[in-house]
Amino acid sequence: MRALRAIVVTLVVVFLLAPLVVIAVGSVNVNRYLNFPPEGFSLSWYAQLFTDSGWQTSIRYSLTIAAASAALAVLIATPLAYVLRAYRIRLSPLLYALGILPFMLPPIISALGMQVFWLSTGHIGRIENVIVAHAIFFSTLPLVTISLAMETMDQALPEAARTLGADQRTTFRTITLPLLIPSMVTGYAAAFVLSLNEYIISFLVAGFTVETLPVKIVNGLRYGFTPTIAAVAVVFIVIAATTFTLFAMFGNLMRFLGAD
């Protein structure tokens, strides 16, 4: 039984890693074609990410959108999670369901809704459109992590602060908020990584005006595969893996997610 389990786990790991290995090998191929095994070794395709003006612009757009939208998502989710969990209002389940609804819907539905909204305002083709759209779509992630942290928080701490004379605002600033910061950071990291990889909303909301890395990759594939695209994919994988590995190494990731 143990041997069978090991075989199944090995097959799953190989199945998941095989495409990543092929992409990684293709990113260092000396030729412009996806030859496997490669005919030579070259890092010139990675250098092109930082020398080509088109890729530089896409990298700047993607990093700006991911950083800003993740911060805005946390700003949206924190007060919502606090109100829902601290005040226990009657409509809390409904409001929480509405808070996670954008992430549960197919991205194309959210993207179409946001596209119609921005078209109706006449404010189209702007980077701030994508930032707001991503913030709304990915606010579910910090909402979940912060809500879980609120659920597992020791309620004796804010009660002790109020007993000692602290008002509600002071209690939130000195007790509740510091305890929520790890979950806020986790929600930010998740929203940041997913925003970097998001294509549908970015394309429908801003199109070719704001060409993020995923949009540029898809546009580039129309004219054929290049190792530069593989290099971008490897960079994406490294960023995502590094972000969550750091949480696992230097902190209790499950505790950040609200687990006991």
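Since this is a predicted model, take the numbers as computed values, not measurements. (Residues numbered from 1 in each chain as written. Predicted model: local features only at pLDDT ≥ 70, side-chain atom pairs only at ≥ 80, totals over all residues. Heavy atoms only, no water.)

Draft legend 1. Structural view of the overall build of the chain. The secondary structure content of the chain amounts to 13 helices and 0 strands. Traced from its N-terminal end to its C-terminal end, the chain shows the element sequence α-α-α-α-α-α-α-α-α-α-α-α-α. Here the C-alpha coordinates of the chain stretch approximately 70 × 60 × 30 Å along the principal axes. When the 260 residues of the chain are sorted by exposure, 37% land in the buried category. A separation threshold of at least 6 residues defines the contact pool for the chain, and within that pool the share at least 24 residues apart is 71%. Of the roughly 14600 Å² that the chain leaves accessible, carbon and sulfur atoms contribute 72%. (Helix = DSSP H or I, 4+ residues; strand = E, 2+ residues; numbered from the N terminus. Buried < 20%, exposed > 50% of the residue type's maximum accessible area, 1.4 Å probe, protein only. Contact = heavy atoms within 4.5 Å. Areas by Shrake-Rupley, 256 points an atom, 1.4 Å probe, with all protein chains shown as cover.)

Draft legend 2. Geometry of the pattern of salt bridges. Counted according to the given criterion, the structure contains 1 salt bridge. The closest approach of N and O atoms between R126 and E128, which form a salt bridge, is 3.7 Å. (Salt bridge = Lys/Arg side-chain N within 4 Å of Asp/Glu carboxyl O.)

Draft legend 3. Main features of the environment of K216. Along the chain, K216 falls in helix α11 (residues 213-221). Taking C-alpha positions, K216 is 9.8 Å from F203, a pair spaced 13 residues apart along the chain. Not counting the four nearest positions on each side in its chain, K216 is found in contact with G54, W55, S58 and E211.

Draft legend 4. Region of the structure containing the side chain of T140. Along the chain, the position of T140 falls in helix α7 (residues 140-152). Setting aside residues up to four positions removed in sequence, T140 forms contacts with G99, I100, P102 and F103.

Draft legend 5. Spatial organisation of the packing of helix α3 (residues 53-87) against helix α6 (residues 127-138). Where α3 meets α6, the axes come as close as 8 Å, and the angle between the chain directions of the two elements is 45 degrees. The angle between α3 and α6 falls in the class oblique. Crossing handedness for the pair α3 and α6: right-handed. On α6, the residues touching Y61, T64, I65, A68, S69, L72, A73 and I76 of α3 are I127, V130, I131, V132, H134, A135 and F138. Tallied by class, residues from the contact of α3 with α6 come to 12 nonpolar, 3 polar and no charged. (Axes fitted to C-alpha atoms, helices over the stretch in contact; angles between N-to-C directions. Parallel < 35°, antiparallel > 145°, perpendicular 65-115°, else oblique. Left-handed = near helix turned anticlockwise from the far one by under 90°. Nonpolar A, V, L, I, M, F, W, Y, C, P; charged D, E, K, R; others polar.)

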